Structure formats: C-alpha cells, structure tokens
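Listed below are the residues making up each chain.
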Amino acid sequence: MGARQFGAVLAVVVCLTAAVGGPGVTAAASQTATPDVTADTIILDVQVHENGTATWAVAYRTRLDDGETAAAFESLRDDVENNSTEYTDQFTDRMASTIASAERATGRNMTGENYTVDAEIRQFPQRYGVVTYSFQWHQFADTAGDRLRIGDAIGGLPLDDKTRLLISWPQSYEATAIRPPPDEERNGTAVWIGELTFGRDEPRIVVAPPATGPQVPWRAVGAAVGALGVLGAAVAGGWWLYRREEVGDPDDDMPEELLSNEERVLRLLERRGGRVKQKAIVEELGWTEAKTSQVVGSLREQGKIESFRLGRENVLALPQEEL
C-alpha cells in the first residue's frame, strides 16, 4: 500500500469518528439512545518523542451554542464515562488497520497501545464539548542516524476544512526541514489547517538532536557582528511591531499589506463594533469562503474570537472581555 493510500486510511478513521457519538457506539451503548454529536473541529495532535514513539490525541470539538446541542453532548459525555470500552473498541480496530498499513509502507515494526477516550466540556473561551481519543504509536518516526524523520507514516493524508494537524517534536531538538510549509510554527510545533491534501511524501519534518558539549558557532558570530548596524537601525522602528504582535492588537495606523490574515479579521471586527457576519468578511476582504473559514478557525482556536449561528448566517464576535 502506498503512502497516499494509508494516509487516506487515517483520514477515513477521522471522518468516520467525526460524528463522535456514532462509530464508537456498539449494540450495548446504542441501547442508551445516545444522540449523535457532530464535531465542528477535529484536532490531530501528534507529540513525537526521542525514541520515535508518538503520543496521539484526536480531539473532536463541538460548539455548545444552543440548549439542544448542549443537552445532547451532556448525554454523550455520560455515556462515554459509563461505556468507555464500547467507544474505544472500534477506534482501536480502525487505527490498528492504519498502523499496519503504515508499517508495510515504511518497513518499520509499528504497534499501537494505550487507547483511551474522554469526554468533557471546556471553555475556549466559548463553551465546547470535546471528545478525545488518545493512544501511543510506536516507531511512528524514523530514528535511523542522528535525526528524527517524521511524517512518512501518514504521507498523503488529506485534511478537510474541519481538521487541523499539529506535529510536535522534543523541545531540545531543532527543525532543519519542514514541508510543506506549515500554516503556523510555534514552540516546536508545526500546524497545518485544512482544507489540504499532502503530497505523497508529505508531511515531512526533520529535526536534529541536541548538540553535545560546548560549541561556538563562529560563522553565526561573524554574521551577527556584520549585522549589528542593520539591527541598530531596525530596533527603533521595529520595537512597536514586536509589541503589537505580542499583544495581538492590529494597530489602526498599520498599512493593510503589513497585517497578517488574522490581524485583518480582528481589525474588521473592531471597526464593526466587535461583531460581524462571516459572509461580510468574505465580501470585504475578497477572500474565498475556504480561506475565510481557515483564518476564522485559527482565531477561534486561539480564543481571539467567538462564533455563533444567527439563522443561516455564521456571526463572529470578539470575546466579551475584549469588548
């Protein structure tokens, strides 16, 4: 089986579990009449360790923005607590199939274990119901040589517009190659936001191990000395840009072309009194609906905006504490 094929197998597992009350419910659990709860966002969080093992957390988030959805999720949460084995069995079987396919494609002996499921209500700051499946995938990354090579086990993975992939590596390691370029990279984590289909040899991350013993980067020192004049000239003009990025507040005087996509949405919200229809962002910024959904989803995950349905319209708002 090729890389694109077993990447698609994992995608099938994710899609089948998107209705988080569905695939894990066998006959016993079904008797409790647990309602299906459809996820608004799916997070694939992959923490890669030095020995090549990856800790996976597949989280299905559902906005609890009305009484009916909240009641349905509370019922699901209770059922997960009472019948956790019923919910993990089918997920375990499907992931075992995915891992076996990846094993054949990569030639590494792989196993999965410690499958668990949890359901809880969280604030992001909006209220969400979250069902999370966690497990260990041994030999997920290639540890041959002195580097970790990550991603060949899920090559060709497609992400729909609800799904995000986060891959993290050990904090003491340094990334030397990442492809395709992630939508975000922060604190040893690369983030890709769907809708996206990776190439057959993607995603790929190569990280170098920590340096052993004291090392003096003479080439870097020389470059730094040569750059002091440029840095000195940039400090005065660049400090306020740094502060603006730290605070996350798009300055009204900042030219539009210097703003990030997220900052453009925040500025538009501020100028509209803290609330705007998502359709208005599409029209005013000239973006596609897919791009707008991607940017809005990133802001929502960071807790910088909230969203809710008003009739058939999706409305965005700044969190109350920021208004």
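Thresholds, definitions, all that
- Per chain, the residues get numbers from 1 upward, laid out in the order the sequence is written.
- Per-residue local features of the predicted model are confined to residues with pLDDT of at least 70, and side-chain atom pairs are confined, for both listing and counting, to 80 or more; whole-chain, interface and lining totals are unaffected and use all residues.
- To get the side-chain values, all heavy atoms of the structure are used, and hydrogens and water are removed first.
- A helix here means a DSSP run of H or I that spans at least four residues, while a strand means a run of E at least two residues long, and both kinds are numbered starting from the N terminus.
- Partly exposed residues are those whose accessible area sits between 20% and 50% of the maximum for their type, while under 20% is buried and over 50% is exposed, using a 1.4 Å probe and protein chains only.
- Whether two residues are in contact is decided by their heavy atoms: any pair within 4.5 Å suffices.
- Each accessible area value is a Shrake-Rupley result obtained with a 1.4 Å probe; residue values ignore everything except the protein chains displayed when judging cover.
- At least two bridges found by DSSP between two strands is the condition for calling them paired.
- Whenever a helix is involved, its axis is fitted only over the stretch in contact; in every case the axis is a line through C-alpha atoms, and angles between N-to-C directions fall within 0 to 180 degrees.
- Pairing of aromatic side chains requires ring centres within 6.5 Å, counting the rings of Phe and Tyr and the six-membered ring of Trp. Pairs whose planes differ by under 30 degrees are stacked, by over 60 edge-to-face, and all others tilted.
- Here, the term nonpolar core denotes a set of buried Ala, Val, Leu, Ile, Met, Phe, Trp, Tyr and Cys residues that are joined through side-chain atoms within 4.5 Å.
- pLDDT: the predictor's confidence for each residue, scored from 0 to 100.
- Helix span is expected to be 1.5 Å times the residue number reduced by one.
- In protein, a polar contact requires one atom able to donate a hydrogen and another able to accept it; more generally it is a pair of N or O atoms within 3.5 Å, and residues adjacent in sequence count only if both atoms are side-chain atoms.
- The salt bridge criterion pairs a side-chain nitrogen of Lys or Arg with a carboxyl oxygen of Asp or Glu, the two atoms within 4 Å.

A. Highlighting the overall build of the chain. For the chain, the count of helices and strands is eight helices and 15 strands. Expressed as a percentage of its 323 residues, the buried residues of the chain come to 44%. Contacts in the chain between residues far apart in sequence, at least 24 positions, make up 64% of those at least 6 positions apart. On the chain, roughly 16300 Å² of surface is accessible, and the fraction owed to carbon and sulfur atoms is 49%.

B. Structural view of the sheet that holds strand E10 (residues 189-193). The strand order E3-E4-E2-E1-E7-E10-E9 describes an open sheet built from seven strands, whose pairing is mixed. If you trace the sheet from one side to the other, it starts and ends with strand E3 (111-123) and strand E9 (184-186), each paired once. Going from strand to strand, the sheet's axes swing by 15 degrees on average, the running direction of each strand aside. The pairing of strand E1 (residues 41-48) with strand E2 (residues 54-63) spans eight bridges and is antiparallel. Bridging across to E2, Ile 43 finds its partner in Ala 59. Of the strands in this sheet, E1, E2, strand E4 (127-138), strand E7 (163-168), E9 and E10 are in contact with helix H8 (residues 289-301), which crosses E7 at around 55 degrees.

C. Broad picture of the sheet that holds strand E5 (residues 148-150). The antiparallel open sheet is built from three strands, whose spatial order is E5-E12-E8. At either margin of the open sheet sits one strand with a lone partner, and together these are E5 and strand E8 (174-179). Neighbour-to-neighbour, the strand axes of this sheet turn through a mean angle of 15 degrees, independent of strand direction. In this sheet, strand E12 (residues 204-208) lies alongside E8 in antiparallel orientation, the contact comprising five bridges. When the sheet's bridge partners are listed, Ala 175 is paired in E12 with Val 207.

D. Here's a closer look at the packing of aromatic side chains. All chains considered together, the criterion is met by nine aromatic pairs. Ring geometry for Tyr 60 and Tyr 133: centres 6.0 Å apart, planes at 85 degrees, overall edge-to-face. One end of the pair, Tyr 60, is in strand E2; the other, Tyr 133, is in strand E4, and 73 residues separate them in sequence. A single burial state applies to Tyr 60 and to Tyr 133, both of which are buried. Residues Phe 91 and Tyr 133 carry aromatic rings whose centres are separated by 4.4 Å and whose planes lie at 20 degrees to one another, so their mutual orientation is stacked. Of the two residues, Phe 91 is situated in helix H4 (residues 84-106) and Tyr 133 in strand E4; the sequence distance between them amounts to 42 residues.

E. Structural view of the nonpolar core. Core analysis: the biggest nonpolar cluster contains 46 residues, and Trp 56, Trp 137, Phe 140 and Leu 165 have the highest contact counts within it. Within the second largest apolar cluster, 15 residues are counted, among which are Leu 269, Val 296, Ile 305 and Leu 316.

F. Representation of the side chain of Arg 164. Here Arg 164 lies in strand E7. Overall, Arg 164 belongs to the buried group, its relative accessible area being 6%. Contacts of Arg 164, omitting those with residues within four sequence positions, involve Thr 41, Ile 42, Ile 43, Leu 44, Trp 192, Ile 193, Gly 297, Ser 298 and Glu 301.

G. Local environment of helix H6 (residues 261-271). Inspection of H6 places Glu 263, Val 265, Leu 266, Arg 267, Leu 268 and Leu 269 among the buried residues, and these make up the whole buried set. Positive backbone phi, at 80 degrees, marks Gly 273, one or two positions downstream of H6.

H. Examining the confidence of the model for the chain more closely. In this model, the chain carries an average pLDDT of 78, and 73% of its residues clear a pLDDT of 70 or more. Summarising per-element confidence for the chain, the mean pLDDT is lowest in helix H2 (residues 27-30) (30) and highest in E5 (95). A low-confidence stretch, residues 1-9 stays under pLDDT 50, and its non-local contacts, those more than four residues away or across chains, total 28 contacts. Across residues 21-34 the pLDDT falls below 50, and counting only partners more than four positions away or on other chains, this stretch makes 29 contacts in the model.

I. Highlighting helix H3 (residues 67-82). Taking 1.5 Å as the rise per residue, H3 with 16 residues should run 22 Å; its terminal C-alpha atoms sit 23 Å apart, in good agreement. One side-chain oxygen of the residue at the start of H3 lies 3.1 Å from the amide nitrogen of Glu 68, identifying that residue as Asp 66.

J. Expanded view of the side chain of Thr 88. If you trace the backbone, Thr 88 turns up in helix H4. Only 3.1 Å separates the side chain of Thr 88 from the backbone oxygen of Thr 85, close enough to count as a polar contact. Once you skip the residues sitting within four places of it in the chain, Thr 88 turns out to touch Tyr 115, Thr 116, Val 117 and Tyr 133.

K. Geometry of the pattern of salt bridges. Enumeration according to the criterion identifies 10 salt bridges in this entry. Measuring nitrogen to oxygen at the nearest pair gives 2.7 Å for the salt bridge that ties Glu 120 to Arg 122. For Glu 120, a relative accessible area of 29% gives the class partly exposed. The partner of Glu 284 in a salt bridge is Arg 272, with the nearest N and O atoms 2.5 Å apart.

L. Looking closely at unusual backbone geometry. Cis geometry marks the peptide bond from Arg 179 to Pro 180, where omega comes out at -5 degrees. Its place among the elements puts Pro 180 in the loop between E8 and E9. Note the cis peptide between Glu 202 and Pro 203, where omega equals 0 degrees. Here Asn 114, not a glycine, exhibits a phi torsion of approximately 55 degrees, which is positive. Here Asn 114 shows up in strand E3. Look at Gln 139: it is not a glycine, yet its phi comes out positive at around 65 degrees. Tracing the chain through its elements places Gln 139 in the loop between E4 and E5. Residue Gln 139 is classed as partly exposed on the basis of its relative accessible area, which comes to 28%.

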